[in-house]
Amino acid sequence: GRRLISSPKLPEINMKSLGLWIIDITGSDLSNEEDPICLSFIFYGKLSHKKLPLQVIGKAIQIKDELADIGSIYKVQVTGPHSELKQPWHLDLLHMKHTGTKEEMYLAFDCWFNPNEDKCVELPALCADQEPLPVVEYEIHLHTGDLKKADATGEAYLCIQGEKSDSGKRWLNSRNSLITFARGQVDVFKIKAVYLGKLNQVLVGFKSLKKDEWFLEKIVIKEVLYPFSAHVFVHNDWINKCSKKDFVEVAIPLKETSVTSLLTKNFDTKSRGRWQTWVHCTQVPEDVHDIQVVVFGRKGKSPAQKVQNLNDNPFLLTVGDIGHITKVSFVLSGPCLGRGIKLHKLRLKDLDTKQELGFHTETRCLFGEDGSETVTELAVVRPDKPPLRGVLYSISVYTGTLPASGTDADVFITVFGEQGDSCKRRLRHSNFERGQVCISEIRAVDLGQLSKVLVEHRNVGYGAGWYLDQIVIHESGKTDGQYAFLCQQWLDSGVGDAQMERMLK
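As the structure is a prediction and not an experimental result, all values here were calculated from the model.

> I'm lost on the overall build of the chain in this one. Help?
Helix and strand content of the chain: one helix and 38 strands. With 505 residues in all, the chain has 48% of them scored as buried. Sequence-distant contacts in the chain: of pairs separated by 6 or more residues, those separated by 24 or more amount to 71%. Here the chain displays about 25,000 Å² of accessible surface, and carbon together with sulfur accounts for 48% of that area. Separation of charge centres in the chain, based on 63 positive and 64 negative side chains, amounts to 5 Å.

In structure tokens:
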């Protein structure tokens, strides 16, 4: 394709400075006798963050705030309750809309706040101009030293800090109860947080009612999706020793990141491209048609193969010699669904090298929330390099101006780039009228520099023939780096060479 570079845009007025956010919070109802629930909503932006304390007094509440000077919001964190709770309360939804930019997002928290619990939950912001960060499950191993009187009983919390943000304060004991760290013991906890980036420090807080001294040897943190990579934070010292404070907080910097031999076993054993696969989904429609999967690697891609089941039972994928796997695409072979299929797990294991591959599946639905898409792609998550990013591509289709140029047929495209292809996608337009420009969007794992587009249509219905002028593709939210693919030919079984598909370069 011919890459078009647009001229720089003149600076625009910052519309966010001319408005404010209207934030609607909905949850379960409260009885008349129930005291207000005290929560904190923390909005993280690329420049800073802002904490808004809130008293929930009913099923729905609205707050307004400029959220000024924090930059583009990338996650929202909720902590609490900060007051005594008599019965569980369910947080349903947080809806945000900006009065200036009209930007809008819905965050479905769908979580319970229970009595005697200090909770911290967070979700990535869903903004039109940026790919949401994944939600990651972190497994935390606390190693108590094997020394005399190293064990202790008390209250404890930790906060993981990374290059992007922090996890918030996560309590290891429930309210009104204590936790015991035994000598020589390893205690394991799991937390979910919006992706923190490269980890650099852990804050540990500890308070002992008996003035116990706790000898914390080290903390090891793994991401559940690729447990063969471990982040090690070494303390090798006492906590609470000779302290006059109720709570003692220590900051433990990252010592090292270790990678186990799982990554290097493929040097000893050659892979034959046979991968045991687990897919776990819920909310699967009864009438769903076959779902196929295509695996992409650095050297090529596998043939499409049927997904044998969606209930976490293993099945075999034979992908061949495609090099290091980069992404997996799920392709719906039938008509679009009425709703998306909730994806909880995707895992691949090489039967020869025993290498395992993980994928970020949190907050993901196969074929979109509303089931209107036909392809969903997930990038491989590896410990030694970041996954390929997700990209929203804007596709402008220019129908020609010749008589009878338009078509009502379904139009499909496949976009090719240096990092694979998008698989065949149906464009979300029911007709392409003469002289019109139809704009559609597709979400795909980053294809790199684009090289060609395959466009085709089903020759169905009266006047299905179509004269296509060109297709222009660019990354949504950006005005530079456009790719133009000229056609200026008919896709018609009764005109010219009678072809109904064209490869545009």
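Moving on, there is more to tell.
> Please explain the domain arrangement of the chain as it appears in this structure.
Accessible area lost on assembly of the parts is the figure often given for the size of an interface. Here the chain is partitioned into domain 1 (21–124), domain 2 (135–259), domain 3 (274–381) and domain 4 (390–504). Approximately 940 Å² of surface area, both sides summed, lies buried where domain 3 meets domain 4, with 50% of it carried by carbon and sulfur atoms. Of all residues in domain 3, Lys 327, Val 375 and Glu 377 bury the most surface against domain 4, accounting for 42% of the area lost on that side. The interface formed by domain 3 and domain 4 holds two salt bridges in total. Of the charged contacts, one joins Asp 421 and Lys 301 as a salt bridge, the two residues approaching to 2.9 Å between their closest N and O atoms. Remark: the boundary between domain 3 and domain 4 carries three residue pairs in polar contact (both at pLDDT 80 or more). Listed by contribution, the elements that provide at least two residues to the side of domain 3 that touches domain 4 are strand E25 (325–332) and strand E29 (375–381).

> Help me understand the pattern of salt bridges in this model?
In this structure the tally under the stated criterion is 21 salt bridges. Between Asp 65 and Lys 50 there is a salt bridge, with its nearest N and O atoms 3.0 Å apart. Of this pair, Asp 65 sits in strand E5 (residues 60–65) while Lys 50 sits in strand E4 (residues 49–56), and the two are 15 residues apart along the sequence. Residue classification places Asp 65 among the buried positions, given a relative accessible area of 16%. By relative accessible area, which is 30% here, Lys 50 ends up partly exposed. Between Glu 117 and Lys 119 there is a salt bridge whose closest N-O contact spans 3.8 Å. Under the relative-accessibility criterion, Glu 117 is labelled partly exposed at 22%. On the accessibility criterion, Lys 119 (21% relative accessible area) is partly exposed. Beyond isolated ion pairs, a larger network of salt bridges with shared partners links Arg 389, Asp 446, Glu 475 and Lys 478.

> Can you help me understand the sheet that holds E5 in this one?
In any sheet, the strands associate via hydrogen bonds between backbone groups, in a parallel or an antiparallel arrangement. In space, the four strands of this open sheet follow the order E5-E2-E7-E8, with antiparallel pairing throughout. One side of each edge strand has no neighbouring strand; the edge strands of this open sheet are E5 and strand E8 (104–113). On average, each strand axis in the sheet is inclined to that of its neighbour by 15°, with strand direction left out of account. As judged from the six bridges shared by strand E2 (residues 21–27) and E5, these two strands associate in the antiparallel manner. Paired with Ile 22 across the two strands is Lys 64, which belongs to E5.

> Please clarify how the side chain of Asn 309 should be interpreted in this entry.
Within the element layout of this structure, Asn 309 appears in the loop between strand E23 (305–306) and strand E24 (315–318). Judged by relative accessible area, which is 15%, Asn 309 ranks as buried. Within polar-contact distance, the side chain of Asn 309 engages the backbone nitrogen of Asn 311 at 3.2 Å. If sequence neighbours within four positions are ignored, Asn 309 has contacts with Val 279 and Phe 315.

> What should I look at first to understand the pairing of strand E20 (residues 274–282) in this one?
A regular strand places its side chains so that they alternate between the two faces of the sheet. With four bridges joining them, E20 and E24 adopt antiparallel strand pairing. Bridge pairing in E24 places Trp 275 opposite Leu 317. Both E20 and strand E26 (residues 341–350) contribute to a ladder of eight bridges, which runs antiparallel. From the neighbouring strand, His 280 faces E26, where its bridge partner is Lys 345.

> Teacher, can you tell me more about the sheet that holds strand E9 (residues 119–124) here?
Reading across the sheet, the four strands line up as E4-E3-E6-E9 and stay open at both edges, with antiparallel pairing between neighbours. Each having just a single partner strand, E4 and E9 make up the two edges of the open sheet. Averaged over all neighbouring strand pairs, the angle between strand axes comes to 20°, with direction disregarded. Here strand E6 (residues 73–80) runs beside E9; their pairing, made up of six bridges, is antiparallel.

> Explain unusual backbone geometry to me, please; I cannot follow it from the model alone.
Trans peptide bonds make up the majority, and among non-glycine residues the majority have a negative phi. Residue Pro 81 is bonded to the preceding Gly 80 through a cis peptide linkage, with omega at 0°. Take Pro 81: it is sitting in the loop between E6 and strand E7 (89–98). Unusually for a residue other than glycine, Asn 116 sits at a positive phi of about 60°. By the secondary structure assignment, Asn 116 is in the loop between E8 and E9.

Rules of the game
- Residues numbered from 1 in each chain as written.
- Predicted model: local features only at pLDDT ≥ 70, side-chain atom pairs only at ≥ 80, totals over all residues.
- Heavy atoms only, no water.
- Helix = DSSP H or I, 4+ residues; strand = E, 2+ residues; numbered from the N terminus.
- Buried < 20%, exposed > 50% of the residue type's maximum accessible area, 1.4 Å probe, protein only.
- Contact = heavy atoms within 4.5 Å.
- Areas by Shrake-Rupley, 256 points an atom, 1.4 Å probe, with all protein chains shown as cover.
- Lys, Arg positive; Asp, Glu negative; His and termini not counted.
- Charge placed at Lys NZ, Arg CZ, Asp CG, Glu CD.
- Domains from an automatic or database assignment.
- Buried area = accessible area lost by both parts, 1.4 Å probe.
- Salt bridge = Lys/Arg side-chain N within 4 Å of Asp/Glu carboxyl O.
- Polar contact = N/O pair within 3.5 Å; in protein donor to acceptor, adjacent residues only side chain to side chain.
- Pairing = 2+ DSSP bridges.
- Axes fitted to C-alpha atoms, helices over the stretch in contact; angles between N-to-C directions.

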